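Summary of the model geometry
Spelled out, the chains give:
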Amino acid sequence: MENFSAAKAHLSTVVAMGIPAGARRVPPRVVQGLVEGRSLTRALAADLLTHMPELGSPAEQRLLDAWVEQAADTLLALSDALEERLLDVGSTVGTDDREKGHDHDPGAVRR
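First, a word on what this report is: a plain description of the structure on this page. (Residues numbered from 1 in each chain as written. Predicted model: local features only at pLDDT ≥ 70, side-chain atom pairs only at ≥ 80, totals over all residues. Heavy atoms only, no water.)

**Structural notes on helix H2 (residues 28–50)**
Residues spaced three or four apart along an α-helix face the same direction, because each turn holds 3.6 residues. Rule in force here: Runs of H or I in DSSP of at least four residues are treated as helices and runs of E of at least two as strands, each being numbered from the N terminus. Every helix has an expected span of 1.5 Å times one less than the residues it contains. When a residue's accessible area, from a 1.4 Å probe over protein chains only, is under 20% of the maximum for its type it is buried; when over 50% it is exposed; and in between it is partly exposed.
Taking 1.5 Å per residue as the helical rise, H2 with its 23 residues ought to reach 33 Å, and the 33 Å between its terminal C-alpha atoms agrees with that figure. Along H2, the residues classified as buried are Pro28, Val31, Gln32, Leu34, Val35, Gly37, Arg38, Thr41 and Ala45.

Written out as structure tokens, the structure is:
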């Protein structure tokens, strides 16, 4: 969670300081999608690991446990990938809004 907080702080700093001319523009809705996707995949992984049903057979239980753990690991890997992408686009957030004279809040949801 510390990496995510650092990414949000970085995004806020970049938006406040401005973006160099010629930087690739990333719409705020893309950043919001990355933030929401990362949060959702983390929550789903945690939920999946807390609801592990008990089966009667030890062999079946081992298979189910392995499958659930693999699914949770996949969700966490997706969450990490979204976080990396969020860091990648962090330096280009908000350019379109500033050019149009709008303030940008990286935490605001736009629909």
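**A closer look at the packing of H2 against helix H3 (residues 58–89)**
Defined as follows: Note on geometry: axes are C-alpha line fits, over the in-contact stretch for helices, and angles between N-to-C directions span 0 to 180 degrees. Oblique is the label for any angle not under 35 degrees, not over 145, and not in the 65 to 115 range, which are roughly parallel, roughly antiparallel and roughly perpendicular in turn. The handedness criterion is simple: a crossing whose near helix is rotated anticlockwise from the far helix by less than a right angle is left-handed, and one whose near helix is rotated clockwise is right-handed. Each residue gets one of three labels, nonpolar for Ala, Val, Leu, Ile, Met, Phe, Trp, Tyr, Cys and Pro, charged for Asp, Glu, Lys and Arg, and polar for the others, Gly among them.
At a minimum axis distance of 8 Å, the contact between H2 and H3 shows a crossing angle of 160°. As summarised for this structure, H2 and H3 are arranged roughly antiparallel, according to the angle between their axes. The element H2 and its partner H3 pack so that their crossing is left-handed. The residue inventory of the contact of H2 with H3, partitioned by class, reads 16 nonpolar, three polar and six charged.

**Structural notes on the environment of Val35**
Inspection of the secondary structure assignment puts Val35 in helix H2. Exposure remark for Val35: the relative accessible area of 14% places this residue in the buried category. Once the C-alpha coordinates of Val35 and Leu82 are considered, the two residues, 47 residues apart in sequence, prove to be 7.7 Å apart.

**Describing the pattern of salt bridges**
Two side chains of opposite charge can pair, provided their charged atoms sit close to one another. For clarity, the threshold we go by: Think of a salt bridge as a Lys or Arg side-chain nitrogen and an Asp or Glu carboxyl oxygen that are within 4 Å of each other.
Summed over all chains, the structure comprises two salt bridges. For the salt bridge of Glu83 with Arg38, the shortest nitrogen-to-oxygen distance reads 3.2 Å. Within this pair, whereas Glu83 is found in helix H3, its partner Arg38 is found in helix H2, the two being separated by 45 residues in sequence. Judged by relative accessible area, Glu83 falls into the buried class, the value being 7%. Its relative accessible area of 4% is what places Arg38 among the buried residues. Note that Arg42 and Asp80 form a salt bridge whose closest N and O atoms lie 2.5 Å from each other. A residue pair is termed long-range when its members are at least 10 positions apart, and Arg42 in helix H2 and Asp80 in helix H3 qualify at 38 residues. Looking at Asp80, the relative accessible area reads 34%, which means it is partly exposed.

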